[in-house]
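Structure assessment
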Amino acid sequence: MSNYHIKHLEEYYQVYRKSVREPENFWEEIAEEHFMWRKKWDKVLSWDFSKPEVKWFEGAQLNITENCIDRHLATRGDKTAILFEPNDTNEASEKITYNQLYERVNKFANVLKAQGVSKGDRVCIYLPMIPELAISVLACARIGAIHSVVFAGFSSTALSTRINDSECKMVITSDGSYRGAKTIDLKGIVDEALKDCPCVDTVLVAKRINSEITMEAGRDKWLQPLLDEASSECEAEVMKAEDPLFILYTSGSTGMPKGMVHTTAGYMVYTAYTFKNVFQYRENDVYWCTADIGWITGHSYIVYGPLANGATTVMFEGVPSYPDFGRFWEIVEKHKVNQFYTAPTAIRALAKQGTELVEKYDLSSLKTLGSVGEPINEEAWHWYNDNIGKKKSPIVDTWWQTETGGIMITPIPFVTPTKPTYATLPFIGIQPALMDEHGEEIKGNQVDGRLCVKFPWPSMARTIWGNHQRYKDTYFSAFENKYFTGDGALRDEVGYYRITGRVDDVIIVSGHNLGTAPIEDAVNEHPAVAESAIVGFPHDVKGNALYGYVILKDTGEGRDHNNVRKEINQIITEHIGPIAKLDKIQFTSGLPKTRSGKIMRRILRKIAHKDTSNLGDTSTLLNPEVVQDIMDNAL
Ligand code: 6R9
């Protein structure tokens, strides 16, 4: 079991050095010993960041579901694979064993085939956190269809944009979803989206809330009767290592969301290997990641990584505040959760509630705590460490991205000494670099710069669906021969990394990446709006909240500004989703612009941060007078 499971710091350094000196040998050994291949590779790695082109395990053949399910049946058939915890505390939790998962995935895969889906077709999955979500993801992978999961909190416009971009032929959804005390009409949102999606010919509908919905004849089909009739054996499609496994959209700084394409073999190897080490998962542990499968965290660390290790992975349908703010801890106690992985925004929201609801529950099963999605501030780190981990469960602050597929910079629990707010050390095989503004790598410690990666790793995204040029421009053009992350970072005196936040126009709100451009586009749709600029400002629960500067077409005299604010947020909700709503909207007569017409967001950001003592150089502005006016009326 060489190198697969790292248990002390010396070993980390030793394995890390090997992974950097002989990356191909290193990954070959991991791939060889821990996975099931239909055919082994001819070449471990070929790469060229100038194209960019990266291939891992070329020539290999496999099916990821055989690795996540079939191979466990002999030894773990009756072990719980997925532990489903419903929104409502009165509904029983459901344990799906590996045997049952095999059967359900195979049945679902046969339904997909019967409905005309075949290898390479794109299938959009728009489901709440119910077992069908994980099962449909795996069913696609079983037959080689490319899944594109869209988070079920996105609006109909956001959904149709994503469906059309990758020309999905099928949508899998449910009648509705539960979210705390509310129900959401998911099918209605799908119906609305599909008015603009000629590529979709079939909609499969899972029953969850038993609501009255309309079914369009010929297009919409109830899932359950089809599953009931399907065979529970479906031969796994033999996939090539570099065949696409899925598309997952992430926000860019401009316009259209980017459909990041992940491929099969490298993604599997890296997510499995990181899962094992970053969570120090041991057989019979119960692991829980609170993310939604609509995000990369859920893909890699609810579904693929855990199942590839034969783990028990919890899927929670609800929200941390329902029926009260003790829900997470109630679930930890109930299922004796050993590894708990969540986001700083959730920690801050829970910390606000005090510790009474924490103390009510027995959290002694916890061994490792994880954090992901945004920088974790010192206060939240300590609250998590003191009250949830009781100072004995290490916190793994894991930095990574949709684009990286798996965790990149992180402590290994019980191995790497942690340091609040630091993601600490690169994971095995990851070669980070900090770059200065002249494109030079900054060597040594106690430095900061733009975070890049200078060598390929197995789970990196290979392209943007339908737009390889954009992939190159976004990630491989800022710095020669390096992958640019869009984040800033510092490296301390011992070589630990701390991520300082985005250096582009992406704002992370409650852990969700939001591009400013699409929100501005939405705001500008309001008939009274002439122009707008969105920036982030610090928020004690969400991390960042959105501040909009809006110029109205007329002076706005006589208009009810609060009504306009409401309407703007309504439009944003329709176009993107409620997560992108603006917390503050300031009406202004102008926006600070450079002579080339670019909005100087740096100034707007400072004003939103209430940090106006040093606005920096404003002399290059076309309209410097507007700055004072904006400051005087800041919210
Ligand atoms: C996995 C995920 C990616 C962006 C990333 C960075 C921020 C994620 C972080 C973190 C500081 C951490 N981010 N984890 N920042 N510390 N531990 O979140 O993917 O949704 O694509 O977001 O999130 O800014 O660039 P994704």
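Residues numbered from 1 in each chain as written. Predicted model: local features only at pLDDT ≥ 70, side-chain atom pairs only at ≥ 80, totals over all residues. Heavy atoms only, no water.

As a reminder, the rule being used: UniProt positions are given in the numbering used here, feature names are shortened, and annotations may be inferred rather than shown by experiment.
As named in an unreviewed UniProt entry, the protein is Acetate--CoA ligase, taken from Seonamhaeicola marinus. Comment text from UniProt for the protein, heading Sequence similarities (unreviewed entry), reads "Belongs to the ATP-dependent AMP-binding enzyme family."

**Looking at the UniProt feature "domain: Acetyl-coenzyme A synthetase N-terminal" (unreviewed entry) in the protein**
How we decide: Here a helix means four or more residues in a row that DSSP labels H or I, a strand means two or more in a row labelled E, and each is numbered from the N terminus.
Residues annotated by UniProt as "domain: Acetyl-coenzyme A synthetase N-terminal" (unreviewed entry) correspond here to residues 12–68. Between the first and last C-alpha atoms of residues 12–68 the distance is 26 Å; the span itself is 47% helix and 25% strand.

**Considering the confidence of the model for the protein**
Note the following rule: A score from 0 to 100, pLDDT tells how confident the predictor is in each residue.
Summarising the model, the protein shows a mean pLDDT of 95, and 98% of its residues fall at 70 or more. Note on the complex model: pTM 0.91, ipTM 1.00.

**Looking at the packing of aromatic side chains**
The criterion, for reference: The pairing test for Phe, Tyr and Trp rings, Trp by its six-membered ring, is centres within 6.5 Å, and the orientation test on the planes gives stacked under 30 degrees, edge-to-face over 60, and tilted for anything in between. Three exposure classes are used, based on accessible area relative to the maximum for each residue type with a 1.4 Å probe and protein chains only: buried under 20%, partly exposed in between, and exposed over 50%. Either the NZ atom of lysine or the CZ atom of arginine qualifies as a charge over a ring when it sits within 6 Å of the ring centre and within 35 degrees of the ring normal.
As enumerated under the stated definition, the model contains 46 aromatic pairs in all. Ring geometry for Phe 246 against Tyr 267: centres 5.1 Å apart, planes inclined by 80 degrees, an arrangement best described as edge-to-face. With Phe 246 in strand β14 (residues 244–250) and Tyr 267 in helix α10 (residues 265–278), this pair connects stretches of sequence that are 21 residues apart. For Phe 246, a relative accessible area of 0% corresponds to the buried category. Taking 5.7 Å as the distance between ring centres and 75 degrees as the angle between the ring planes, the aromatic pair formed by Phe 328 and Phe 340 counts as edge-to-face. Highlighted residues: Phe 328 in helix α12 (residues 327–335) and Phe 340 in strand β18 (residues 339–342), separated in sequence by 12 residues. Here Phe 340 falls in the buried class, since its relative accessible area comes to 0%. Here a set of aromatic residues connected by ring pairs shows up, and it is made of Tyr 4, Phe 26, Trp 27, Trp 37, Trp 41, Trp 56, Phe 57, Tyr 270, Tyr 273 and Phe 427. The lysine or arginine in question, Arg 162, covers the ring of Phe 154, its NZ or CZ lying 4.4 Å from the ring centre.

**Some details on the sheet that holds strand β25 (residues 497–502)**
Remark on secondary structure: sheet strands pair via backbone hydrogen bonds, oriented parallel or antiparallel. Applicable threshold: In this analysis, strands are considered paired if DSSP registers two or more bridges between them. Every axis in this analysis is a line fitted to C-alpha atoms, fitted for helices over the stretch in contact. Angles between the N-to-C directions lie between 0 and 180 degrees.
Taken in spatial order, the 4 strands of this open sheet run β21-β22-β24-β25, and their pairing is antiparallel. Of all the strands in the sheet, the pair left with one neighbour each is β21 (432–435) and β25. Between one strand axis and the next, the sheet turns by 45 degrees as a mean value, whatever way the strands run. Direction of pairing for strand β24 (residues 483–491) relative to β25: antiparallel, over a ladder of 5 bridges. Pairing of Ala 489 across the sheet is with Ile 499, part of β25.

**Quick look at the sheet that holds strand β28 (residues 529–539)**
The criterion, for reference: Pairs of residues are marked as contacts when any of their non-hydrogen atoms sit within 4.5 Å.
A sheet is described by the order of its strands in space; here 3 strands give the open sequence β28-β29-β30, paired in mixed fashion. Since the sheet does not close on itself, it has two edges, and those belong to β28 and β30 (584–587), each with one partner. Pairwise comparison of adjacent strand axes, ignoring direction, gives a mean angle of 25 degrees for this sheet. Note that strand β29 (residues 543–552) and β30 share 4 bridges and pair parallel. Bridge pairing in β30 links Val 550 to Phe 587. Each of β28 and β29 touches helix α17 (residues 516–524); the most contacted strand, β28, lies at about 135 degrees to it.

**Focus on the side chain of His 5**
Put simply, the rule is: Any pair of nitrogen or oxygen atoms within 3.5 Å is treated as a polar contact; in protein, a donor-acceptor pairing is required on top of that, and neighbouring residues in sequence qualify only through side-chain atoms on both sides.
Relative to the elements of secondary structure, His 5 occurs in the segment before α1 (9–21). Side-chain polar atoms of His 5 contact the side chain of Gln 280, separated by 3.0 Å. Among residues more than four places away in sequence, those in contact with His 5 are Glu 11, Lys 276, Asn 277, Gln 280 and Arg 282.

**Digging into helix α20 (residues 625–632)**
Filter applied, for reference: It is the directions from the helix axis to the C-beta atoms that the arc portrays.
For α20, the full list of buried residues reads Val 626, Val 627 and Ile 630. Down the axis of α20, the buried side of the element spans an arc of 105 degrees, and every buried residue falls inside it. Exposed and facing more than 90 degrees away from the buried side of α20 are Glu 625 and Asp 632. In this structure, the buried side of α20 is in contact with β29, β30 and α19 (601–608).

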